[in-house]
Amino acid sequence: MSSQYAFFAGILRFVAKKTAADDAEIRVMMGHLSGIADAVEKTGRFMVVRENCESAARAFAGVAKFLQERILPEALAAGNNGAVEQVKWTIETSLAMAAELVKRVTQEEYANQESFTFDLPLPPGAPKPH
């Protein structure tokens, strides 16, 4: 299962490396992306402790913005349908993860949880479970 998320992990690492980490907060966010990439590549899931949810959410939002502004237009212009599908999935998944991370720290039903585990949706081209 985990190898089907290699492209997602690769994108997270790419964004983390390409982002200018001029201040400590950005370095922390890029660290989250790198750690999440490692976990996702191995297991298809990741965990975030409560105190890191907001910065991890900002990191995911940054991934979506970077892909929308810089990578998606290039993939569309090149006519690479496979890349377009993966980039769109990554944008949607990153925005969904950002929203879910914020939800977990703001809603009462999660008030007693100190960490949260997230499973990613099936990526493009993955076989559907029966």
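Computed from a prediction, not measured in an experiment: that's the story for all the values here.

**Here's the deal with the nonpolar core**
- In this structure, Phe8, Leu12, Leu33, Phe46, Val48, Phe60 and Leu101 are the most contacted members of the largest nonpolar core, which totals 38 residues.
- Among the secondary structure elements, those contributing two or more residues to this core are helix H1 (6-18), helix H2 (24-43), strand E1 (45-49), helix H3 (53-78), helix H4 (81-106) and strand E2 (115-119).
- Per element, the largest residue contribution to this core is 11 residues, and it comes from H3.
- If sequence neighbours within four positions are ignored, leucine 33 has contacts with Leu12, Val15, Ala16, Ala59, Phe60 and Val63.

**Describing the packing of aromatic side chains**
- Using the criterion set out here, one finds 7 aromatic pairs in the structure.
- Look at phenylalanine 8 and tryptophan 89: their rings are 5.4 Å apart centre to centre, the planes differ by 85°, and that puts the pair in the edge-to-face class. Residue phenylalanine 8 is found in helix H1, and its partner tryptophan 89 is found in helix H4; the two are separated by 81 residues along the sequence. Each of the two residues, phenylalanine 8 as well as tryptophan 89, counts as buried.

**Considerations on the packing of H1 against H3**
- Packing of H1 against H3 brings their axes to within 10 Å, and their N-to-C directions diverge by 90°. In terms of axis orientation, H1 runs roughly perpendicular to H3. For the pair formed by H1 and H3, the contact residues are Phe8, Ile11, Leu12, Phe14, Val15 and Lys18 on the first element and Phe60, Val63, Phe66, Leu67 and Ile71 on the second.
- Here the contact of H1 with H3 is composed, by residue class, of 10 nonpolar, no polar and 1 charged.

Calculation rules
- Residues numbered from 1 in each chain as written.
- Predicted model: local features only at pLDDT ≥ 70, side-chain atom pairs only at ≥ 80, totals over all residues.
- Heavy atoms only, no water.
- Core = buried A, V, L, I, M, F, W, Y, C linked by side-chain atoms within 4.5 Å.
- Buried < 20%, exposed > 50% of the residue type's maximum accessible area, 1.4 Å probe, protein only.
- Helix = DSSP H or I, 4+ residues; strand = E, 2+ residues; numbered from the N terminus.
- Contact = heavy atoms within 4.5 Å.
- Phe/Tyr/Trp six-rings, centres within 6.5 Å; stacked < 30°, edge-to-face > 60°.
- Axes fitted to C-alpha atoms, helices over the stretch in contact; angles between N-to-C directions.
- Parallel < 35°, antiparallel > 145°, perpendicular 65-115°, else oblique.
- Nonpolar A, V, L, I, M, F, W, Y, C, P; charged D, E, K, R; others polar.

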